[in-house]
Amino acid sequence: YGKLEEHDRALHILVHNIQDFEAAKKYCLWNSEGKDDAYRRRLFHLLLSVYLESANANDRLYMAAVDLLNYHPTEFDAVRVLQLVPETWSMSLLAPFLIGAMRQSIHADRMTQLTLGLSRSENMIYKCDKLKLTRNPVRLSDKKTCQICCKPFSEPAFVHYPNGSLVHTHCAASRRTNTILASVSTCTSQT
């Protein structure tokens, strides 16, 4: 049933017919390997509902459900779990699960804040670099020539290298861009 993606049937057989709870947990882990977190959560929620669907309130199944929750709190959505579990369960029974779920939620929130802060910092660095580059404007006149081909600029588009040389965009794209220094000395000696 696992290969057919009929996980509910497979888990039902493992839990109710074979009564191998460890194999059911391993089934969820094995089938979600290489998949995203949402897929893994879906399998674990499916296993929890198989444990809890028993109409005759089997204590063994309830304890397996509690163990599953308490040993794998990050695999569950806490709100959905609280909607699924019977109201008769005490909070102390679910305390390890709730603590783990809260830790995971706080960790995810802090990681998001950290990522946001790093992105803002990186954006500020780029803005500073851009400001430094635009602080000294480059003036293009009829007298200036391309440092590679030594021809005057006929278009307003050009490339400005950190060493101060100006070149046509098509010259910068050509293979001769690595020989700028040799071309600079050639162009200046010709003028």
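Predicted model only: the values in this text are computed from it and were never measured. All chains use their own residue numbering, which begins from 1 and follows the written sequence. In keeping with the predicted nature of the model, local features appear solely for residues at pLDDT of at least 70, side-chain atom pairs appear and are counted solely at 80 or more, and the whole-chain, interface and lining totals rest on all residues. Remark: hydrogens and water are excluded; side-chain values derive from all non-hydrogen atoms of the structure.

Participant: With reference to specific residues and values, describe helix α1 (residues 7-17).
Facilitator: Each residue is assigned to one of three classes by its accessible area relative to the maximum for its type, calculated with a 1.4 Å probe on protein chains only: buried under 20%, partly exposed between the two thresholds, exposed over 50%. Strands here mean DSSP runs of E at least two residues long; helices mean DSSP runs of H or I at least four residues long; both are numbered from the N terminus. Every buried residue belonging to α1 is among His7, Ala10, Leu11, Leu14 and Val15, and all of these are buried. All buried residues of α1 fall inside an arc of 120 degrees around its axis, so they share one side. Residues of α1 that are buried sit in contact with α2 (21-31), α3 (37-52) and α4 (59-71). Trailing α1 by a residue or two, glutamine 19 shows a phi angle of about 60 degrees, which is positive. To be clear, the arc concerns the directions from the helix axis to the C-beta atoms. By definition, residues are in contact when any of their heavy atoms lie within 4.5 Å.

Participant: Outline the pattern of salt bridges, listing residues and values.
Facilitator: Salt bridge, as applied in this entry: a Lys or Arg side-chain nitrogen positioned within 4 Å of an Asp or Glu carboxyl oxygen. Scanning the entire structure with this criterion turns up three salt bridges. Linking arginine 9 and glutamate 6 is a salt bridge whose minimum nitrogen-to-oxygen distance equals 3.3 Å. A residue is classified by how much of its surface remains accessible, and arginine 9, at 48% relative accessible area, is partly exposed. We note a salt bridge from glutamate 75 to arginine 40, for which the minimum N-O separation is 3.7 Å. Taken as a pair, glutamate 75 in the loop between α4 and α5 (78-84) and arginine 40 in helix α3 lie far apart in primary sequence, 35 residues in all. Here arginine 40 falls in the partly exposed class, since its relative accessible area comes to 22%.

Participant: Lay out unusual backbone geometry with the relevant residues and their values.
Facilitator: The phi torsion at glutamine 19 lies on the positive side, around 60 degrees, for a residue other than glycine. With respect to the element layout, glutamine 19 can be found in the loop between α1 and α2. Judged by its relative accessible area of 40%, glutamine 19 is partly exposed. For cysteine 150, which is not glycine, the phi dihedral falls at a positive 65 degrees. By the secondary structure assignment, cysteine 150 is in the loop between α6 (91-135) and β1 (159-160).

Participant: Give a description of the packing of α1 against α3 that names residues and reports values.
Facilitator: Their axes nearest at 10 Å, the elements α1 and α3 cross at an angle of 45 degrees. Judged by the inter-axis angle, α1 sits oblique to α3. Both α1 and α3 take part in a crossing whose hand is right-handed. Across the interface between the two elements, His7, Asp8, Leu11, His12, Val15 and His16 from α1 touch Tyr39, Arg42, Leu43, Leu46, Leu47, Val50 and Tyr51 from α3. Taken together, the residues of the contact of α1 with α3 break down into eight nonpolar, three polar and two charged. Working convention: axes come from line fits to C-alpha atoms, limited for helices to the stretch in contact. Angles between N-to-C directions cover 0 to 180 degrees. Roughly parallel covers angles under 35 degrees, roughly antiparallel covers those over 145, roughly perpendicular covers 65 to 115, and oblique covers all other angles. Here is the rule for handedness: rotate from the far helix to the near one, and if that takes an anticlockwise turn smaller than a right angle the crossing is left-handed, while a clockwise turn gives right-handed. Each residue gets one of three labels, nonpolar for Ala, Val, Leu, Ile, Met, Phe, Trp, Tyr, Cys and Pro, charged for Asp, Glu, Lys and Arg, and polar for the others, Gly among them.

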